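Residues per chain, in single letters:
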Protein chains: 2
Amino acid sequence: MGRPVYEGLKVLDLTRIISGPYCTMLLGDMGADVIKVEKRGEGDISRTYGPYVNGESMYYYVLNRNKRSLTLDFRSEKGKKLLFDLAVEADVLVQNFKPGTLAKMGLDEQRLREANPGIIIVNISGFGQEGPYAKRPGLDAAAQAMGGWMSVTGHPNQPPTKTGLFAVDYMTGMYALIALQGALYERERSGVGQSVEACLLDSAVSVLLTGIPYQQLLHHTVSRMGNRDGVTAPANVYQTKDGEWVLFIAGSDEFFKTFAMISEQEFLLEDERFGSIAKRLEHEDEVDQYVANWIGQWSAEEVVEKCDKAGLTCAKVATMKEVVENPQLKYRNKIIEIEHPKVGAVPMQGFPMDYSRSRMSIRYAPPTLGENSEEILKDWLDLNDGEIRRLKEEKVI
Amino acid sequence: MGRPVYEGLKVLDLTRIISGPYCTMLLGDMGADVIKVEKRGEGDISRTYGPYVNGESMYYYVLNRNKRSLTLDFRSEKGKKLLFDLAVEADVLVQNFKPGTLAKMGLDEQRLREANPGIIIVNISGFGQEGPYAKRPGLDAAAQAMGGWMSVTGHPNQPPTKTGLFAVDYMTGMYALIALQGALYERERSGVGQSVEACLLDSAVSVLLTGIPYQQLLHHTVSRMGNRDGVTAPANVYQTKDGEWVLFIAGSDEFFKTFAMISEQEFLLEDERFGSIAKRLEHEDEVDQYVANWIGQWSAEEVVEKCDKAGLTCAKVATMKEVVENPQLKYRNKIIEIEHPKVGAVPMQGFPMDYSRSRMSIRYAPPTLGENSEEILKDWLDLNDGEIRRLKEEKVI
């Protein structure tokens, strides 16, 4: 394998919790030198989030591999100066503070650009750097609520439902990364950096598909449909004989025919209520009943096997226990382990993408607070032992 | 504004439906020259997906701006040759066929690399190019089921629930883009391309946060918690006096204190059941009841305003109608309109990220089928009018 794609790229990471740390972790996975600057004595607040194993936060752990940690007292003048000096050396600065905070930390953009014209500044926030909601606290759940996700998730006649994952946080980190990668590519030509921006609300709204034209052109408000998809039928979740749930879809006419055959319900093909996708959608309750009756005769394992043979989409609704045992994920090495000094091997998600030639690897386990302060100040700023000792004595690092 | 970041980058887009088209649309948004190659006479199957306005698919429309369309008969020898010739000119080729299909179309990777050593090939699939599930049809819902999303979404003691958006499809397109942007950056140094890969299952699993260590180290299977988040309390969805729903979170001790004050329930602060995050989680039913009682006294508008003033997170669960009217999205121009020749202005999601200097713009409306075939063959392959006329006569394009 060759060298990582972003080897040598210097990233100053001032982010906390999920969106920002995920952005910089992916950069680290792709080989960048990511320096996570954390508040002296406290660190990223997510270090206090559970679950804990031997007192160590797993939450922090799964979001901060391939980074080194430097602690800094942001409020002291010397701390501010060190932060500025580090930013002068950086190719990329990533932050997800509330809008306006960065300047207060001494990292005024204009001043920084004068000292480092190539720097790319990545601003991540809940609602964007400007606008009427800019100062509101940005949380994944708020973006799911405000961005329309909750109103379309869950069952009709039941409350709106949150996706049980911080998916919008993650997506925002990904958009921030996409934007900064574009800016890096452009910098190869222009020689100059710029600022890029991503936020939770925009990210949530980016995936509404036809929800916006449905509303504005057809005046139809898309709402929650349970596990149906509104595009084709049958497409739903059904219970099996052993009390498990499977997701089953037989969308096209051809797949519906296959379903009728393997379920030995060929009479469905003669029934004009089911003669096209549009008609099956119109009679979806009845379609669902025929599918449910068949699936209810078998265990989840049996029905998945039958469908797999017939080329139909059927997947058991996997519990986390089943996810970690998934044979495809094992084959592709998508659940990895990273050694933690106090915990031992910690299992977590692997790399979400693959390169044929460039290496992706775990170069650093998620750092303990301030684990790499000394070496970073030597690497990036050429400080000597005496200078570092004084910074420690003065409680700057 | 300056030039777009990927201006001049040539992208050969062989993708259909969501994941691939979203990847290439973002490239187009960032200025790349994206040629969408579609099957002659049919095109991307999503052209047949509703909703329709004046007979035109809105589904296709929201996923294919900033591209030009070329139709091709993939099965004919001349069609295969044209496709290969185009790939020789391309910087990037993106495909989301079933594994193995690309080679059958004459685009054998090794042969293509010999002719075009710089090409970056982006392979998108449901479960990866290899492994026991590689040949299964890849659908967003199947990845949500198999990847653990459904088991953690919805209410306890109720069926697992699908996120009502094709979020995994979108994320997969985004990971594919992140990977290819990395490969492009690396190519600036090495001069050589490579293949990159993203798939639905890996993407779904990438955002499980602590689900994997919870399972494997603590033997606790994370499951669905309704609208709670399992990390702090109160954090839930509550009904307002006017029958609407709001998402409300007051996670920290400080925020809980603020909640007690503005709801005039200061006695909560004396109650030892609510004295810390851990205790509030332990007594979450009671906490929720106190919050629900307060929120139930006000309209959604009133409670959001009260919380906003107090700095607490509270967001109305927005319907699509409210999303399109969101003042923050309006301020930031995040719902845009693109002119369709038969429909007029079509509203859709705007750009999910921003550059301070490089331009993002709509250079092309989503193309009609084969709209740009001639100009593309002239631009990319220098064909002359006679050659193009013959290809048309022979029904190759």
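Residues numbered from 1 in each chain as written. Chains lettered and ligands numbered in written order. Predicted model: local features only at pLDDT ≥ 70, side-chain atom pairs only at ≥ 80, totals over all residues.

Some thoughts on the overall build of chain A
Step number 1: Secondary structure summary: chain A contains 17 helices and 14 strands in total.
Step number 2: Dimensions of chain A, computed from the C-alpha atoms along their principal axes, are close to 85 × 50 × 40 Å.
Step number 3: A buried classification covers 54% of the 397 residues belonging to chain A.
Step number 4: Counting only contacts in chain A whose residues sit at least 6 apart along the sequence, the fraction spanning at least 24 positions is 69%. (Helix = DSSP H or I, 4+ residues; strand = E, 2+ residues; numbered from the N terminus. Buried ≥ 20, exposed ≤ 12 C-beta atoms within 10 Å, placed from the backbone. Contact = placed C-beta atoms within 7 Å.)

Description of the interface of chain A and chain B
Step number 1: Every contact between the two is made by 117 residues of chain A and, on the other side, 117 residues of chain B.
Step number 2: Direction of pairing for strand β14 (residues 354-355) of chain A relative to strand β8 (residues 195-199) of chain B: antiparallel, over a ladder of 2 bridges. The partner of A:Tyr355 across the bridge, within β8(B), is B:Val196. (Pairing = 2+ DSSP bridges.)

A closer look at the sheet that holds strand β2 (residues 33-39) of chain B
Step number 1: Spatially, the 7 strands line up as an open sheet ordered β14(A)-β8(B)-β7(B)-β6(B)-β1(B)-β2(B)-β5(B), and their pairing is mixed. Here the strands that pair on one side only, and so sit at the sheet edges, are β14 of chain A together with β5 (68-72) of chain B.
Step number 2: As defined by bridge partners, strand β1 (residues 10-13) of chain B adjoins β2(B) across 4 bridges and the pair is classed as parallel. Looking across to β2(B), one finds that B:Asp13 is bridged to B:Lys36.

Let's talk about the relation of the copies chain A and chain B
Step number 1: With an RMSD of 0.0 Å, the operation that places chain A on chain B is a rotation of 180° combined with a shift of 0.0 Å along the axis. Here the copies are linked by what is in effect a two-fold axis.
Step number 2: Taken together, the interface assignments show that 100% of the residues at the interface of chain A recur at the interface of chain B, consistent with an identical surface on both copies. (Least-squares fit on C-alpha atoms with pLDDT ≥ 70 in both.)

Remarks on the packing of helix α1 (residues 19-29) of chain A against helix α7 (residues 167-190) of chain A
All names here are of chain A.
Step number 1: In the contact formed by α1 and α7, the axes pass within 7 Å of each other and the chain directions differ by 50°. Taken together, the axes of α1 and α7 are oblique relative to one another. The handedness of the crossing between α1 and α7 comes out as right-handed. Residues Ser-19, Gly-20, Tyr-22, Cys-23, Leu-26 and Leu-27 of α1 lie in contact with α7, whose contacting residues are Asp-169, Tyr-170, Thr-172, Gly-173, Ala-176 and Leu-177.
Step number 2: Among the residues making up the contact of α1 with α7, the classes are represented as 7 nonpolar, 4 polar and 1 charged. (Axes fitted to C-alpha atoms, helices over the stretch in contact; angles between N-to-C directions. Parallel < 35°, antiparallel > 145°, perpendicular 65-115°, else oblique. Left-handed = near helix turned anticlockwise from the far one by under 90°. Nonpolar A, V, L, I, M, F, W, Y, C, P; charged D, E, K, R; others polar.)

Here we look at the packing of α7(A) against helix α7 (residues 167-190) of chain B
Step number 1: Where α7(A) meets α7(B), the axes come as close as 10 Å, and the angle between the chain directions of the two elements is 25°. When the axes of α7(A) and α7(B) are compared, the pair comes out roughly parallel. The chirality of how α7(A) crosses α7(B) is left-handed. Every residue of α7(B) that contacts α7(A) at A:Ala167, A:Met171, A:Met174, A:Leu177, A:Ile178, A:Gln181, A:Gly182, A:Leu184, A:Tyr185 and A:Glu188 is listed here: B:Ala167, B:Met171, B:Met174, B:Leu177, B:Ile178, B:Gln181, B:Gly182, B:Leu184, B:Tyr185 and B:Glu188.
Step number 2: Considered class by class, the residues forming the contact of α7(A) with α7(B) number 14 nonpolar, 4 polar and 2 charged.

Description of the sheet that holds strand β10 (residues 245-249) of chain A
Residue and element names in this part refer to chain A.
Step number 1: The 3 strands lie next to each other as β9-β10-β11, forming an open sheet whose pairing is antiparallel. In this open sheet, the two edge strands, each paired with only one partner strand, are β9 (235-239) and β11 (313-316). Strand after strand, the sheet turns through a mean of 20° between neighbouring axes, direction not considered.
Step number 2: Packing of helix α12 (residues 284-295) onto the sheet brings it into contact with β9 and β10, and relative to β9 it is tilted by some 40°.
Step number 3: The sheet contacts of helix α13 (residues 300-310) involve β10 and β11, and relative to β11 the element is tilted by about 155°.

Considering α1(A)
A turn of α-helix holds 3.6 residues, and therefore any two residues three or four places apart point the same way.
Step number 1: Most of α1(A) is tucked away: 11 of the 11 residues are buried.
Step number 2: Regarding α1(A), the residues found buried are A:Ser19, A:Gly20, A:Pro21, A:Tyr22, A:Cys23, A:Thr24, A:Met25, A:Leu26, A:Leu27, A:Gly28 and A:Asp29.
Step number 3: Residues of α1(A) that are buried make contact with β1 (10-13), β2 (33-39), β6 (92-95), β7 (120-125) and α7 of chain A together with α7 of chain B.
Step number 4: A positive phi of about 105° marks A:Gly31, the residue just after α1(A).

Brief notes about the confidence of the model for chain A
Step number 1: For chain A, the average pLDDT comes to 97, and 100% of its residues sit at 70 or higher.
Step number 2: Confidence metrics for the complex model read pTM 0.98 and ipTM 0.98. (pLDDT = per-residue confidence, 0-100.)

A closer look at unusual backbone geometry
Step number 1: Put simply, A:Gly50 and A:Pro51 share a cis peptide bond, and its omega is 0°.
Step number 2: Following the sequence through the fold, A:Pro51 ends up in the loop between β2 and β3 (52-53).
Step number 3: Residues B:Ala233 and B:Pro234 are joined by a peptide bond in cis, for which omega reads 0°.
Step number 4: Examined against the element boundaries, B:Pro234 turns out to sit in the loop between α9 (211-218) and β9 (235-239).
Step number 5: The backbone of A:His219 sits at a positive phi, close to 55°, despite the residue not being glycine.

Considering the environment of A:Arg75
Step number 1: Relative to the elements of secondary structure, A:Arg75 occurs in the loop between β5 (68-72) and α3 (77-89).
Step number 2: A C-alpha to C-alpha distance of 54 Å links A:Arg75 and A:Gly230, two positions 155 residues apart in sequence.

Observations concerning the pairing of β6(A)
On any regular strand, side chains alternate: one points to one face of the sheet, the next to the other face.
Residues and elements named next belong to chain A.
Step number 1: Burial along β6 is two-sided: the face carrying Val-92 and Val-94 and the face carrying Leu-93 and Gln-95 are both buried.
Step number 2: When β1 meets β6, the two strands line up parallel, connected through 3 bridges. Of the residues in β6, the one forming a bridge with Val-11 is Val-92.

Topic: the environment of B:Ile388
Residue and element names in this part refer to chain B.
Step number 1: Within the fold, Ile-388 resides in helix α17 (residues 385-393).
Step number 2: Between the C-alpha atom of Ile-388 and that of Gln-297, which follows or precedes it by 91 residues, the distance is 70 Å.
Step number 3: Once you skip the residues sitting within four places of it in the chain, Ile-388 turns out to touch Glu-374, Leu-377 and Leu-383.

Points about α13(A)
All names here are of chain A.
Step number 1: Along α13, the positions that sit buried rather than exposed are Ala-300, Val-303, Val-304 and Cys-307. Buried residues of α13, seen end-on, are gathered within an arc of 100° and therefore sit on one face of the element.
Step number 2: Against the buried residues of α13 lie β10, α12 and β11.
Step number 3: Phi turns positive, to about 80°, at Gly-311, one or two residues after α13. (Arc of directions from axis to C-beta.)

What to know about the environment of A:Leu107
Residues and elements named next belong to chain A.
Step number 1: Relative to the helices and strands, Leu-107 resides in the loop between α4 (101-104) and α5 (109-115).
Step number 2: Along the primary structure Leu-107 and Ile-124 are separated by 17 residues, whereas in three dimensions their C-alpha atoms are 15 Å apart.
Step number 3: Setting aside anything within four residues of it in sequence, one finds Leu-107 in contact with Leu-83, Phe-84, Ala-87, Leu-102 and Leu-112.

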